[in-house]
Amino acid sequence: MKTIVVQWDCRFGDPEFNFSRAMELMERETADIYVLPELCLSGYNFKDKQEVDDLSEESHGAYAHKFMDLARSRNCFLAYGFAEKASAGIYNSANLIGPDGLIGTYRKIHLFNRETLFFLPGDRPFRVYETPVGKLGLMVCFDWFFPESARTLALQGAELILHPSNLVLSWCPDAMRYHALWNGVFTATSNRIGREDRGGHVFEYIGRSIIYSPQGELLAEAPLEQEGICSAELDLSLAREKDLNEYNDRIQSRQPEFYSDISVT
Ligand code: ACM
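Just so we're clear, the structure is a prediction, and the values are computed from it rather than from any experiment.

End to end, helix 6 (residues 172-183) covers 16 Å across twelve residues, agreeing with the expected 16 Å (1.5 Å per residue, within 8%). Looking one or two residues past helix 6, glycine 184 carries a phi angle of roughly 65 degrees, positive in sign.

As structure tokens, this is what we get:
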């Protein structure tokens, strides 16, 4: 099951450019699953709510349909981040799409930095989608900072976590190794590159899109500053074996009765 993570310098406010760039990069190699960055159509560094509104679309919007056409014609799955227009407001979301259409939309739960000004926090639990290529979980960028995100997906049976990102904190690509190892899952992080300097706020994105195995092995890594794709062949059945040895299992050896956040002195 071949997975490709795609990275490029998403151009702010130019969804048409970003969509064609994504298509060009995806055309370089055939895969079963593609992962594209967070907010990959709009860009990330919004000045105000009006821009977010102008660059958002519904989960079944025009670009979602273009990605659905692609997934149908290439018989593949893909996850991409976009600003989702919904009745309550706008979410920082990721769509999971397959050959038969839209499978699900995840709304980013842990908003980062100025995103909190522009987006509503996700209002739905993490969830895993059972697909013909495997059990796929979605999280978006800063969700990585909260170990509960990957753990929740693993407890629900995720075999591969798809992780569209616009990373600015340099620890993430290394931290993903431990989410993979601790949870016994594959992870595929797709991150953008480049720099956005808008309205007095600067974000520099760190590239290094990365794929790990359930043993924390590095399977593929893109460079810091170069556009491109990187790929790995994944045997998702390995994510069903949670044992470390005869006595320890990543899931069964947990002791949840001792994980309460109430401290008694
Ligand atoms: C991030 O969550 N985009 C850093």
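Under the definition given, this model contains 19 salt bridges. The salt bridge involving arginine 11 is made with aspartate 14; its shortest N-O contact spans 3.4 Å. Residue classification places arginine 11 among the partly exposed residues on the basis of a relative accessible area of 43%. Given the relative accessible area of 24%, aspartate 14 is considered partly exposed. Via salt bridges that share partners, Asp9, Arg192 and Glu196 belong to a single interconnected network.

Take the pairing of strand 11 (residues 201-206) next. Sheet topology places strand 10 (residues 193-198) next to strand 11; six bridges connect them, and they run antiparallel. Within strand 11, the position partnered with glutamate 196 by the bridge is phenylalanine 203. Where strand 10 folds back on strand 11, the antiparallel hairpin that results is connected by two residues, among which glycine 199 adopts a positive phi of roughly 60 degrees.

A word on the side chain of lysine 2. Following the sequence through the fold, lysine 2 ends up in strand 1 (residues 2-7). Side-chain polar atoms of lysine 2 contact the backbone oxygen of threonine 30, separated by 3.4 Å. Aside from chain neighbours lying at most four places away, what touches lysine 2 is Glu29, Thr30, Ala31, Asp32, Ile33, Ser231, Ala232 and Glu233.

Attention now goes to the sheet that holds strand 9 (residues 186-191). Strand order in the open sheet formed by six strands is 6-7-8-9-12-13, with mixed pairing between adjacent strands. Every interior strand has two partners, whereas the edge strands, strand 6 (128-131) and strand 13 (218-221), have only one. In this sheet, adjacent strand axes meet at a mean angle of 15 degrees when their direction is disregarded. Across the sheet, helix 6 touches strand 8 (160-165), strand 9, strand 12 (210-212) and strand 13, and the angle it forms with strand 12 is around 20 degrees.

Core analysis: the biggest nonpolar cluster contains 59 residues, and Ile33, Phe119, Met139, Trp144, Leu160, Leu162 and Leu234 have the highest contact counts within it. Looking at which element gives the most residues to this core, the answer is helix 6, with four residues. The residues touching leucine 234, leaving out its near neighbours within four places in the chain, are Met1, Thr3, Leu160, Phe186, Ile211 and Leu219.

Below, the discussion takes up the pairing of strand 1. Extensive coverage of strand 1 is indicated by the burial of six of its six residues. Residues Lys2, Ile4 and Val6 point to one face of strand 1 and Thr3, Val5 and Gln7 to the other, with burial holding for every one of them. Inspection of the sheet shows strand 1 paired to strand 14 (residues 228-233) by six bridges, in the antiparallel sense. Bridged to lysine 2 within strand 14 is glutamate 233. Between strand 1 and its parallel partner strand 2 (residues 33-35), the chain crosses via helix 1 (residues 15-26), and the hand of that crossover is right-handed.

Taken in spatial order, the six strands make up an open sheet running 5-4-3-2-1-14, and their pairing is mixed. In this open sheet, the two strands that pair with only one neighbour each are strand 5 (101-107) and strand 14. With strand direction ignored, the average angle separating the axes of adjacent strands in the sheet is 25 degrees. Contacting strand 2, strand 3 (77-85), strand 4 (90-98) and strand 5, helix 3 (residues 62-74) runs over the sheet at an angle of about 20 degrees to strand 4.

Conventions and cut-offs
Residues numbered from 1 in each chain as written. Predicted model: local features only at pLDDT ≥ 70, side-chain atom pairs only at ≥ 80, totals over all residues. Heavy atoms only, no water. Helix = DSSP H or I, 4+ residues; strand = E, 2+ residues; numbered from the N terminus. Expected span 1.5 Å × (residues − 1). Salt bridge = Lys/Arg side-chain N within 4 Å of Asp/Glu carboxyl O. Buried < 20%, exposed > 50% of the residue type's maximum accessible area, 1.4 Å probe, protein only. Pairing = 2+ DSSP bridges. Polar contact = N/O pair within 3.5 Å; in protein donor to acceptor, adjacent residues only side chain to side chain. Contact = heavy atoms within 4.5 Å. Axes fitted to C-alpha atoms, helices over the stretch in contact; angles between N-to-C directions. Core = buried A, V, L, I, M, F, W, Y, C linked by side-chain atoms within 4.5 Å. Right-handed = clockwise from strand over helix to strand, strands pointing away.

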